[in-house]
Structure formats: C-alpha cells, structure tokens
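Chain residues, written in single-letter form:
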Amino acid sequence: MDLKHNVMQAADPTELIRSVEREVKERFQGEGSGHDWWHIYRVYQMAQRIAKAEGADVHITSLGALLHDIADHKFHGGDLTVGALETDRLLRANRADDATIERVVRIVNEVTFKGAGVETPVSSLEAACVQDADRLDAIGAVGIARAFAYGGAKGRLLFDPDCPPVWHDSFEAYAGDKGATINHFHEKLLLLKDRMQTNTGRQIALSRHRFMEEYMTQFHHEWEGDDA
Ligand code: ADP
Ligand code: NI
C-alpha cells in the first residue's frame, strides 16, 4: 500500500464531520456563558434542518455550524479574524480538502451579529443556514435563557429603566456595550426575525419572536407590580 499517498488523501466527508464534532465538543465542554457545547449542538441540529429544507449542502453546513464559534471574538478581545484562522487550522489537521476549507472559512466569517446598524450579508446558501440557526438560538425560550446567562456572567443588571437601549452603528460599539440585559432584546434579539436569510429560518423565528414579546410584556408588568 502506498502509505504516503494514503496520508495525503482528503478525509471522507462523514468521517471529517465526526472528527470535527469530537474536537469541538472537547473544546467547548464546561464553557458556561451561553457558548457551551450545547449551543453548538443546537445550532448544528437546526442548521441541518434548515439546510435540508432549503436544498443546501448539508456537509458544508454541518462543518460551518460546528465551527462557527470556534474562536468567538468575545473571548479574543474583539478580534474577528481568529475564527477563520482556527477553522482553517482545525480542518487542515483533519485532512479536509482546500475547497471545503475555503467554503467553511467563509461561513465562519459571515455568521456573527455585529450590531443593529451593521449589515451581515452571506455569500452562500450554507452560510445563510448557519447564520439563521445561530440567530434562532439567540431567540425564543433558549435565547432568553442565554441572554440572562450572558448578563449574569458579565455582572449586568437585569433591567435598568434609566438606561435606554442603544442603536449600535458599528461592531465596536455593539461589542463594547455594557447595558442591562433587557436592552439586548431591543438591540438584537427582537430584530432577528426580520433578518433571517432563509424562508425556513423566518418561519421558525416567528413563534420564537412572539414568545419573547409575551415574555417582555409580562416582565415589565411584574417590574411595576401590576401583573394580573
Ligand atoms: P453571535 O452568536 O451572532 O456571534 P453574539 O456573540 O452577539 O452573537 O451573542 C451570542 C449570545 O450571547 C447570544 O445568545 C446573545 O444574545 C448573547 N449576548 C451577546 N451580547 C449580550 C448582551 N449584551 N446581553 C445579553 N446577552 C448577550
Ligand atoms: Ni453561536
């Protein structure tokens, strides 16, 4: 057998996903700020569902979902470039071919929300699936839990009536904001249903959005002590 040839051969797509999944799971185990392995798991499940419904490449979408937060800017001093580098390194180490690496790196570069006033266009259907899946995990019941978990980890107030939400026109302004967690609903979460990239994502976002609206109404009633 030609061992040298064997070593250079690109990994089988299913095997590649399995090994990337194993590695990502190991790295995210125990992370508690809303970016734990189970966030990756949910995005991975949802991205596959959307990809199947939209006719996207499920393998590429899966890899993008698994790697989309591999080097999140929030843990790298706001640096948005680390994710692409780390994705490239990890895929290369797992013998992905160049075309796959290029497509997945492009997804990782296009997922992150950068502020209400900043557009985040996607250049492939697969990136649309991953961006929608990631944003769906930021809304609804799980999204609410994640927002407060994040706020708690950062020592933020639940709500501060004296501190209104801000419209962020740049990624720096968004990433540097230290407002109360309820502001984040107006600054990001409630905007997401209108920013879905796929019809499937848009449809799933609707009921999660309605749930958040109901939650917000109840929250403010309880805040003033005038709930039923
Ligand atoms: P993305 O996943 O698009 O990179 P973020 O990194 O901005 O988006 O958000 C990741 C998670 O952390 C989401 O669930 C988001 O709602 C939550 N989060 C980010 N910023 C805040 C904040 N200021 N307050 C509460 N939750 C936040
Ligand atoms: Ni994410």
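See the structure printed just above.
All values reported here derive from a predicted model rather than from experimental measurement.

Visitor: Even after reading the chapter, I still don't get the nonpolar core, so can you show me in this structure?
Guide: A general feature of soluble globular proteins is that nonpolar side chains tend to end up buried together. Counting 58 residues, the largest nonpolar core has Val20, Val24, Leu67, Leu91, Leu136 and Phe185 as its most contacted members. Non-local contacts of Val24, meaning those with residues more than four positions away in its chain, are made with Trp37, Ile40, Leu66, Leu67 and Ile70.

Visitor: Can you walk me through the coordination of the nickel ion (ligand 2) in this structure?
Guide: For a metal bound by four donors in a tetrahedral arrangement, the ideal donor-metal-donor angle is 109.5 degrees, while six donors in an octahedral arrangement ideally sit at 90 or 180 degrees. Donor atoms from the polypeptide that coordinate the nickel ion (ligand 2) comprise His39 (NE2), His68 (NE2), Asp69 (OD) and Asp134 (OD), at 2.1 to 2.2 Å from the metal. Given 4 donor atoms and angles of 85 to 172 degrees at the metal, the environment of the nickel ion (ligand 2) is assigned as irregular.

Visitor: Honestly, the environment of Phe211 in this entry has me stumped. Any pointers?
Guide: Mapped onto the secondary structure, Phe211 falls in helix α11 (residues 199-224). Sequence separation between Phe211 and Glu102 is 109 residues, and the spatial gap between their C-alpha atoms is 37 Å. Apart from the residues within four sequence positions on either side, Phe211 is in contact with Gly140, Ala141 and Ile144.

Visitor: Is there a simple way to think about helix α2 (residues 13-28) in this case?
Guide: A rise of 1.5 Å per residue sets the reference length of α2, with its 16 residues, at 22 Å; its end C-alpha atoms lie 22 Å apart and thus fit the reference within 8%. What α2 keeps buried is the set Leu16, Ile17, Ser19, Val20, Val24 and Phe28. Close packing links the buried residues of α2 with α3 (37-54), α4 (58-67), α5 (82-93) and α6 (98-110).

Visitor: What is the right way to look at the side chain of His68 in this model?
Guide: As for its placement among the helices and strands, His68 is situated in the loop between α4 and α5. His68 sits in the buried class, given a relative accessible area of 5%. Within the local environment of His68, its side chain forms a polar contact with the side chain of Asp134, the two groups lying 3.0 Å apart. Contacts of His68, omitting those with residues within four sequence positions, involve His39, Ile40, Val43, Val108, Val111, Val130 and Asp134.

Visitor: Looking at this model, I keep getting lost on unusual backbone geometry. Mind explaining?
Guide: With the exception of glycine, the majority of residues adopt a negative phi angle, and the majority of peptide bonds are in the trans configuration. Unusually for a residue other than glycine, Arg95 sits at a positive phi of about 65 degrees. When you line up the elements, Arg95 lands in the loop between α5 and α6. By relative accessible area, Arg95 is classed as partly exposed at 39%.

Visitor: Help me out: how do you make sense of the side chain of Ser62 in this one?
Guide: Looking at the element boundaries, Ser62 is found in helix α4. Overall, the relative accessible area of 2% leaves Ser62 in the buried class. When sequence neighbours within four positions are dropped, the list of residues in contact with Ser62 reads Ile17, Tyr44 and Gln48.

Visitor: Which parts of the structure should I look at to understand the packing of aromatic side chains?
Guide: Where two aromatic rings form a pair, the distance of their centres and the angle of their planes describe that pair. For the structure on display, the rule yields 10 aromatic pairs. With centroids separated by 5.2 Å and ring planes inclined at 75 degrees, the aromatic side chains of Trp38 and Tyr41 adopt a geometry described as edge-to-face. Taken together, the positions of Trp38 and Tyr41, both in helix α3 and 3 residues apart, correspond to about one turn of that helix. Exposure remark for Tyr41: the relative accessible area of 34% places this residue in the partly exposed category. An aromatic cluster of three or more residues is present, and its members are Phe148, Phe159, Phe185, Tyr215, Phe219 and Trp223.

Visitor: Looking at this structure, I do not really get the packing of α2 against α3. What am I missing?
Guide: Packed helices, taken two at a time, are described by the angle between their axes plus the distance between the axes. The geometry of α2 relative to α3 is characterised by a closest axis approach of 8 Å and an angle of 145 degrees between their N-to-C directions. Contact with α2, carried on its side by Ile17, Arg18, Glu21, Val24, Lys25 and Phe28, involves Trp37, Ile40 and Tyr44 of α3 and no other residues of that element. In terms of residue class, the contact of α2 with α3 is built from 6 nonpolar, no polar and 3 charged.

Visitor: What am I meant to see in the packing of α3 against α4 here?
Guide: Where α3 contacts α4, the two axes come as close as 8 Å, and the packing angle between them is 160 degrees. One finds that α3 runs roughly antiparallel with respect to α4. In the crossing of α3 with α4, the sense of the turn from one axis to the other is right-handed. Each of Trp37, Ile40, Val43, Tyr44, Ala47, Gln48, Ala51 and Lys52 in α3 lies in contact with α4, whose residues at this interface are Val58, Thr61, Ser62, Ala65 and Leu66. Counted by class, the contact of α3 with α4 contains 9 nonpolar, 3 polar and 1 charged residues.

Basis of the calculations
Residues numbered from 1 in each chain as written. Chains lettered and ligands numbered in written order. Predicted model: local features only at pLDDT ≥ 70, side-chain atom pairs only at ≥ 80, totals over all residues. Heavy atoms only, no water. Core = buried A, V, L, I, M, F, W, Y, C linked by side-chain atoms within 4.5 Å. Buried < 20%, exposed > 50% of the residue type's maximum accessible area, 1.4 Å probe, protein only. Contact = heavy atoms within 4.5 Å. Donors = N, O, S within 2.8 Å, 3.2 Å for Na, K, Ca; no water. Tetrahedral: all angles 85-135°; square planar, octahedral: opposite > 155°, others 65-115°. Helix = DSSP H or I, 4+ residues; strand = E, 2+ residues; numbered from the N terminus. Expected span 1.5 Å × (residues − 1). Polar contact = N/O pair within 3.5 Å; in protein donor to acceptor, adjacent residues only side chain to side chain. Phe/Tyr/Trp six-rings, centres within 6.5 Å; stacked < 30°, edge-to-face > 60°. Axes fitted to C-alpha atoms, helices over the stretch in contact; angles between N-to-C directions. Nonpolar A, V, L, I, M, F, W, Y, C, P; charged D, E, K, R; others polar. Parallel < 35°, antiparallel > 145°, perpendicular 65-115°, else oblique. Left-handed = near helix turned anticlockwise from the far one by under 90°.

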